[in-house]
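Geometric and topological summary
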Amino acid sequence: MNGREQKTDKDAYFQKDRAALESYAEGQTFLWMTEKGDTNTTTGGAKLFEFILSPANLNSAYKQVKRNNWSGGIDGMDTEALRLYLQTHRESLQSSLQEGNYNPQPVRRAEIPKDNGRKRQLGIPTVVDRVIQQAITQQLSPIYERQFSPTSYGFRPRRSAHQAIMQCQNNANEGYRYVVDMDLEKFFDNVNQSKLIEVLSRTISDGRVVSLIHKYLRAGVMAEGQY
């Protein structure tokens, strides 16, 4: 869009811009633009919430969730139904987020087998919550990437376990003799949420973002029909 404001009819959800082509029609669910067309930030400033809710960021988040084809949460909605839902409820969803009234749904408990024969418990959000979480992640990742150690490889973009192994090999070539492998058991079940919010607030000054993340932490879990 090159920063220009796009005017759309309230009901014309999927009018094609000449430059948008197929990707526009496939994923564009939030058509209104920010005043200056800004779509990204690398600071945790007071306007971070606006960047998270910008149409470009939300559309990118939707496309990522659609591409990953996530399974449904407790409401049973899958990624195929997600686009129509966002078209129909975009204004109410946007308003509830802006007004601080949005409440994430509890996650659905699922178990996957581990190599040691035990099972790992997962929490599967609804696909709508996944879109919002992805939108948050897309804005927070560039902020926190600058704070990570250059030799940190876990759960970071464009980094892999193979790169970590290569780093270990380089260390071995430099004369190091030991590799220490540690794992925090059930970390996400036991992490101190108050401390996590405190650490988050050191970098993120927009309280609306911190508050929304805190709501996700407190959303709870549904397992076999029990909250």
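This one's a predicted model, so the numbers in the text were calculated from it and none came from an experiment.

Moving on, we come to the overall build of the protein. Counting its secondary structure elements, the protein contains nine helices and three strands. Secondary structure of the protein in N-to-C order comes out as α-α-α-α-β-β-α-α-α-α-α-β. Burial analysis of the protein (227 residues in total) assigns 32% to the buried set. Taking the intrachain contacts of the protein between residues at least 6 apart in sequence as the baseline, contacts between residues at least 24 apart amount to 65%.

Moving on, we get to the environment of Glu111. Its place among the elements puts Glu111 in strand E1 (residues 107-113). Not counting the four nearest positions on each side in its chain, Glu111 is found in contact with Lys119, Arg120 and Gln121. Within polar-contact distance, the side chain of Glu111 engages the side chain of Gln121 at 3.5 Å.

One simple way to see leftover space: roll a probe sized like a water molecule over the atoms. Taken as a whole, the second largest pocket encloses approximately 600 Å³ of empty space. Lining the second largest pocket we find 16 residues, and of these Tyr153, Gly154, Ala164, Asp181 and Met182 sit closest to its centre. The residue makeup of the lining of the second largest pocket, split by class, is eight nonpolar, six polar and two charged.

Pairing within the open sheet is mixed, and its three strands lie in the order E2-E1-E3. Two strands lie at the open edges of the sheet, namely strand E2 (119-124) and strand E3 (221-222), each paired on one side alone. Taken together, the two bridges between E1 and E3 define a ladder with parallel strand orientation. Each bridged residue has a counterpart across the sheet, and for Val107 the counterpart in E3 is Val221.

So, about the nonpolar core. Counting 31 residues, the largest nonpolar core has Leu82, Ile132, Leu140 and Ile204 as its most contacted members. Among the secondary structure elements, those contributing two or more residues to this core are helix H2 (48-52), helix H3 (55-68), helix H4 (79-98), helix H5 (127-145), helix H8 (193-203) and helix H9 (207-217). Considering every element that reaches this core, the biggest residue donor is H5, with nine residues. Residue contacts for Ile132: discarding those within four places in its chain leaves Leu93, Leu97, Tyr102, Leu212 and Tyr216.

A full pass over the atoms with the stated rule returns one aromatic pair. Each ring, one from Phe187 and one from Phe188, has its centre 5.1 Å from the other, and the planes form 75 degrees; the classification is edge-to-face. A residue is classified by how much of its surface remains accessible, and Phe188, at 73% relative accessible area, is exposed. When the ring centre of Tyr153 is taken as reference, the NZ or CZ atom of Arg159 above it lies at 5.0 Å.

Because each turn of an α-helix spans 3.6 residues, side chains separated by three or four positions end up pointing in the same direction. Taking 1.5 Å per residue as the helical rise, H5 with its 19 residues ought to reach 27 Å, and the 26 Å between its terminal C-alpha atoms agrees with that figure. The axis of H5 is deflected most strongly, by about 30 degrees, at Gln139, and proline Pro142 appears within four residues downstream.

When E1 meets E2, the two strands line up antiparallel, connected through six bridges. Bridge pairing in E2 links Arg109 to Gly123.

This part takes up the pattern of salt bridges. Applying the stated rule across the entire model yields eight salt bridges. A salt bridge links Arg118 to Glu185; the shortest N-O distance between them is 3.3 Å. Residue Arg118 is found in the loop between E1 and E2, and its partner Glu185 is found in the loop between helix H6 (161-173) and helix H7 (187-190); the two are separated by 67 residues along the sequence. A relative accessible area of 48% places Arg118 in the partly exposed class. According to the relative accessible area criterion, Glu185 is exposed, its value standing at 53%.

Turning next to the packing of H8 against H9. Two numbers describe how H8 lies on H9: the axes approach to 11 Å, and their chain directions differ by 160 degrees. Considering the angle they form, H8 stands roughly antiparallel to H9. The interaxial crossing formed by H8 with H9 has right-handed handedness. In this structure, H8 contributes Gln193, Leu196, Ile197, Leu200 and Ser201 to the contact, and H9 contributes Val210, Ile213, His214 and Leu217. In terms of residue class, the contact of H8 with H9 is built from six nonpolar, three polar and no charged.

Procedures and definitions
Residue numbers run consecutively from 1 along every chain, following the written order of its sequence. Predicted model: local features are reported for residues with pLDDT of at least 70 only, side-chain atom pairs are reported and counted for 80 or more only, and whole-chain, interface and lining totals are derived from all residues. Hydrogens and water are ignored here; the side-chain numbers use all heavy atoms of the structure. Each helix is a run of H or I in the DSSP string that is no shorter than four residues. Each strand is a run of E no shorter than two, and both are numbered from the N terminus. Exposure is judged per residue with a 1.4 Å probe applied to protein chains only, and the accessible area is read against the type maximum: over 50% gives exposed, under 20% gives buried, and values in between give partly exposed. Any two residues whose heavy atoms approach within 4.5 Å at even a single point are treated as in contact. Polar contacts, as counted here, are pairs of nitrogen or oxygen atoms within 3.5 Å of one another; within protein the pair requires one atom able to donate a hydrogen and one able to accept it, and residues that are adjacent in sequence qualify only if both atoms are side-chain atoms. Any residue with an atom within 4 Å of a point lines the site, the site being either a cavity, points on a 1 Å grid over the protein atoms alone where a 1.4 Å probe fits but cannot get out, or a pocket, an open set with protein on both sides within 12 Å along at least 5 of 7 lines. Grid points are joined across faces, edges and corners, and a volume is the space filled by probe spheres set on the points. Each residue gets one label: Ala, Val, Leu, Ile, Met, Phe, Trp, Tyr, Cys and Pro are nonpolar, Asp, Glu, Lys and Arg are charged, and the others, such as Gly, are polar. We call two strands paired when DSSP finds no fewer than two bridges between them. Definition of nonpolar core: a set of buried residues of the types Ala, Val, Leu, Ile, Met, Phe, Trp, Tyr and Cys, connected through side-chain atoms within 4.5 Å. Within 6.5 Å between ring centres, the rings of Phe, Tyr and Trp (the latter by its six-membered ring) count as paired, and their orientation is classed by plane angle as stacked under 30 degrees, edge-to-face over 60, tilted in between. Counting as a charge over the ring demands two things of the Lys NZ or Arg CZ atom: a distance within 6 Å of the ring centre and an angle within 35 degrees of the ring normal. Multiply 1.5 Å by the residue count of a helix minus one, and that product is the helix's expected span. What the bend at a residue measures is the angle between two axes, fitted to the seven residues ending there and to the seven starting there. Any carboxyl oxygen of Asp or Glu that lies within 4 Å of a side-chain nitrogen of Lys or Arg is treated as forming a salt bridge with it. Whenever a helix is involved, its axis is fitted only over the stretch in contact; in every case the axis is a line through C-alpha atoms, and angles between N-to-C directions fall within 0 to 180 degrees. In this scheme, roughly parallel covers angles under 35 degrees and roughly antiparallel covers those over 145, while 65 to 115 is roughly perpendicular and the rest are oblique. In this scheme, a crossing is called left-handed if the near helix is turned counterclockwise away from the far one by less than a right angle; it is called right-handed if the turn is clockwise.

Fair warning: the whole summary comes from geometry, so function is off the table for now.
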